[in-house]
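An overview of the molecular structure
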Amino acid sequence: MAAVDFDLRFTYVLAGWEGTAHDANVLADAVGRERGLQVPEGKYYLVDAGYGAKPGFIPPFRNVRYHLNEWGNNPVQNAEELFNLRHSSLRIDIERAFGSLKRRFKILDDAKPFFPFPVQVDIVVACCVLHNYALSQGIDEFILPEVTWTAQPIRSQTQQARDHRATVDRRQQIANQMWADRQIMYEMDNFESTDASGSNTQGTTTSNTQTATGSKAKSLVCWTNPMSTMMLGFLADLVASGKRTSSGFKQCHHNQCAQVLNEQFKLSLNHDQISNHLKKWRKIWGRLIQLKNLSGALWDEDTCTIRLSEEHYVGHCANNKPDIPFLNTPIEHYRAMETIFGSTTATGKYAKSGNDPLSIDLEDEGQQSELNTSPNMGESAGKAAPKKKAKLVHNEDDPLVTTLQDGFKMMAEALIKSGGDGDDLLDGLWDALDELKGFDDEHMAHYYAHLVERPKIAKAFMTLSKQNKLVWVGRFMEKEFGMVYNLN
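How each quantity is defined
Here the residue numbers are simple positions, counted from 1 along each chain's written sequence. Residue-level local features of this predicted model are given only where pLDDT is at least 70; pairs of side-chain atoms are given and counted only at 80 or more, and the full residue set underlies all totals for whole chains, interfaces and linings. The side-chain numbers reported here are obtained from all heavy atoms of the structure, hydrogens and water having been left aside. Between N-to-C directions, angles span 0 to 180 degrees; the directions come from axes that are lines fitted to C-alpha atoms, helices contributing only their stretch in contact. Each helix corresponds to a stretch of at least 4 residues labelled H or I by DSSP, and each strand to a stretch of at least 2 residues labelled E; elements are numbered beginning at the N terminus. Working rule for angles: under 35 degrees goes down as roughly parallel, over 145 as roughly antiparallel, 65 to 115 as roughly perpendicular, anything else as oblique. In what follows, residue pairs with any heavy atoms lying within 4.5 Å of each other are defined as contacts. For this classification, Asp, Glu, Lys and Arg are treated as charged, while Ala, Val, Leu, Ile, Met, Phe, Trp, Tyr, Cys and Pro are nonpolar and the rest, including Gly, are polar. Within this analysis, patches are made of residues with over 30% relative accessible area and no salt bridge. Like charges are joined at 9 Å or less; nonpolar side chains (Val, Leu, Ile, Met, Phe, Trp, Tyr) at 5 Å or less. For every accessible area listed, the method is Shrake-Rupley and the probe measures 1.4 Å; residues are considered covered only by the protein chains on display. The working definition used for a salt bridge is a side-chain nitrogen of Lys or Arg within 4 Å of a carboxyl oxygen of Asp or Glu. Charge counting treats Lys and Arg as positive and Asp and Glu as negative, with His and both chain ends excluded. Lysine's charge is taken at NZ, arginine's at CZ, aspartate's at CG and glutamate's at CD. A pair of strands is considered paired only if DSSP assigns at least 2 bridges between the two. Summary of the burial criterion: residues with accessible area below 20% of their type's maximum are buried, those above 50% are exposed, and those between are partly exposed, where the area comes from a 1.4 Å probe applied to protein chains only. Nonpolar cores were defined as sets of buried Ala, Val, Leu, Ile, Met, Phe, Trp, Tyr and Cys residues, with membership established by side-chain atoms within 4.5 Å. In a helix, the anticipated span is given by 1.5 Å times the number of residues less one. Whenever two N or O atoms come within 3.5 Å, that pair is a polar contact, provided that in protein one can donate a hydrogen and the other can accept it, and provided that, for residues adjacent in sequence, both atoms are side-chain atoms.

The next subject is the packing of helix α12 (residues 441-453) against helix α14 (residues 466-481). At a minimum axis separation of 11 Å, α12 and α14 run at an interaxial angle of 105°. By the angle class used here, α12 and α14 are roughly perpendicular. Contact with α12, carried on its side by His 443, Met 444, His 446, Tyr 447 and His 450, involves Trp 472, Val 473, Phe 476, Met 477 and Phe 481 of α14 and no other residues of that element. Its residues assigned to classes, the contact of α12 with α14 shows seven nonpolar, three polar and no charged.

See below:
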């Protein structure tokens, strides 16, 4: 997340949050930090619709045209469309800023991210700092000109109609598929509910229910607890072996799991049924994370239990009956869910803003230990976790860190040298002028001020012989005051 002013300078940067994190969570982290994002009094940040309307942050109207140049010559029709048009025109600057940043630093655009993740975060923050410094020296060829920048190209009415028709057709296809999946999930939930109540003892059931697209649904499965246990265990083993990709399980993984279940329970499962059942457990995991963060909730690591006081438990369950199986009782399959879903939950563990020091790590007071990587861990039922403190880490083995450190050191030295002490007053300057006799004291004071304002001329003056100094002073007096002095 980044904030940009209208001069394309980054006024705030928060890097390191996972791509799965919601925009609202990232913004809450930025605002809640000790040196986080500050909104000037009486001012607002223009944000996209993902952040929502909050004090100090104004998004565009939802379900209202935004980039109106995509709609040909149609003018705005109401106040909301006019607001969105002005909103879009102003927020173009942030797109220009990111475009210029990526043009200047290609490592942010097309380089393979093979560096450790904390180093990648430092690179993003460092590039934004250097971008701001480069802009302070003037506009260069990496800045995208405003006159040539458009968010989207203007299309003809024929192109608009064709794109609109294709989009509408695609939307209908997605809607039909979503409805078909919903019907399948609805039937599966009914079968699972029947199995839980004891009225249905069969392991599998086949249905020929028609879907929204007119095709027959695939065979429906009544999932038993042993089947779920085997599925979660198999997928957890895949994660532990490093076979799952960063985007999740592939279809081949679901097929392997279905094959194992088919051999064990004499079924005919396919990869879609494994994927659908896995979605159910993902929802359960998401709810567990929310329950662990309840105010007053304690987490018992040994028994995998979320504990609430009796009064808190009764009050919460009265309004949230589906949470009863997960509170004050050991959570079944928790370890397997943690292995499968825990590493893909956005935690913002490595998030870092431009106000934070680069290359920091966390260290326990008294001794160094590894960080707990399970997401959003609640308070332990035993003793409280030791406090953490920031510590600068100098990794001499990482060539990128070493290169960055050397580069910043050289840049700092160059800036100090260029800013330098060139404006310091030269020692003995007035004494050198006082030795030159025959000039009016008031005129000599003016020449002294002339040299003080021009350090380079003053340094050259101090290297001259006495006779040449008299020539320099005489010329100045004649030019400035029209006085001709006899220097013999």
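Further notes follow.
To continue, consider the packing of helix α2 (residues 79-104) against helix α3 (residues 117-136). One way to put it is that α2 packs onto α3 with a least axis distance of 11 Å and a crossing angle of 100°. Between α2 and α3, the crossing angle belongs to the class labelled roughly perpendicular. Here Ala 97, Ser 100, Leu 101 and Arg 104 of α2 lie close against α3, whose contacting residues are Cys 127, Cys 128, His 131, Ala 134 and Leu 135. Of the residues that constitute the contact of α2 with α3, the class distribution is six nonpolar, two polar and one charged.

There is a patch of like negative charges on the surface, built from Asp 431, Asp 434, Glu 435, Asp 440, Asp 441 and Glu 442. Looking at the negative patch, the elements with two or more residues in it are α11 (429-434) and α12. Following the sequence through the fold, Glu 442 ends up in helix α12.

Strands sit in the order β1-β2-β9 across an open sheet of three strands; the sheet is antiparallel. Two strands lie at the open edges of the sheet, namely β1 (2-4) and β9 (352-353), each paired on one side alone. Pairing of β1 with strand β2 (residues 10-15), which is carried by three bridges, proceeds in the antiparallel orientation. For Val 4, the partnering residue across the bridge sits in β2 and is Phe 10. Together, β2 and β9 form the strand contacts of α3, whose direction differs from that of β2 by roughly 175°.

The tally for this structure, following the rule as stated, stands at eight salt bridges. The shortest N-O distance in the salt bridge between Asp 7 and Arg 9 comes to 3.6 Å. The partly exposed category is assigned to Asp 7, whose relative accessible area is 49%. According to the relative accessible area criterion, Arg 9 is partly exposed, its value standing at 28%. Put simply, Arg 335 and Glu 301 hold a salt bridge, and the shortest N to O gap is 2.9 Å. Taken together, the residues span a long stretch of sequence, with Arg 335 in helix α9 (residues 334-341) and Glu 301 in the loop between β7 (298-300) and β8 (305-307) at a distance of 34 residues. Each of Glu 301, Arg 335 and Glu 338 takes part in salt bridges that share partners, so that together they form one network.

Take the nonpolar core next. Residues Met 231 and Leu 288 are the most contacted members of the largest nonpolar core, which totals 38 residues. Elements represented by at least two residues in this core include exactly α5 (225-240), α6 (251-265), α7 (271-292), α8 (310-319) and α9. Excluding anything up to four places from it in sequence, Met 231 contacts Trp 223, Cys 257, Leu 261, Ile 274, His 277, Leu 278 and Trp 281.

Since there are 3.6 residues in each turn of an α-helix, residues three or four apart along the chain are aligned in direction. With 13 residues, α12 should cover 18 Å at 1.5 Å per step; its first-to-last C-alpha distance of 19 Å lies within 8% of that length. Those residues of α12 hidden inside the fold are in contact with α11, α13 (455-462) and α14. A side-chain oxygen of the first residue of α12 lies 3.0 Å from the backbone nitrogen of Glu 442; this N-cap is Asp 440.

On to the pairing of β2, then. Within β2, five of the six residues are buried, which leaves the element mostly enclosed by the surrounding structure. Here β1 hands over to β2 after five residues, with Leu 8 in that stretch at a positive phi of 70°. For β2 and β9, the ladder comprises two bridges, and the chain directions are antiparallel. Paired with Ala 15 across the two strands is Lys 352, which belongs to β9.

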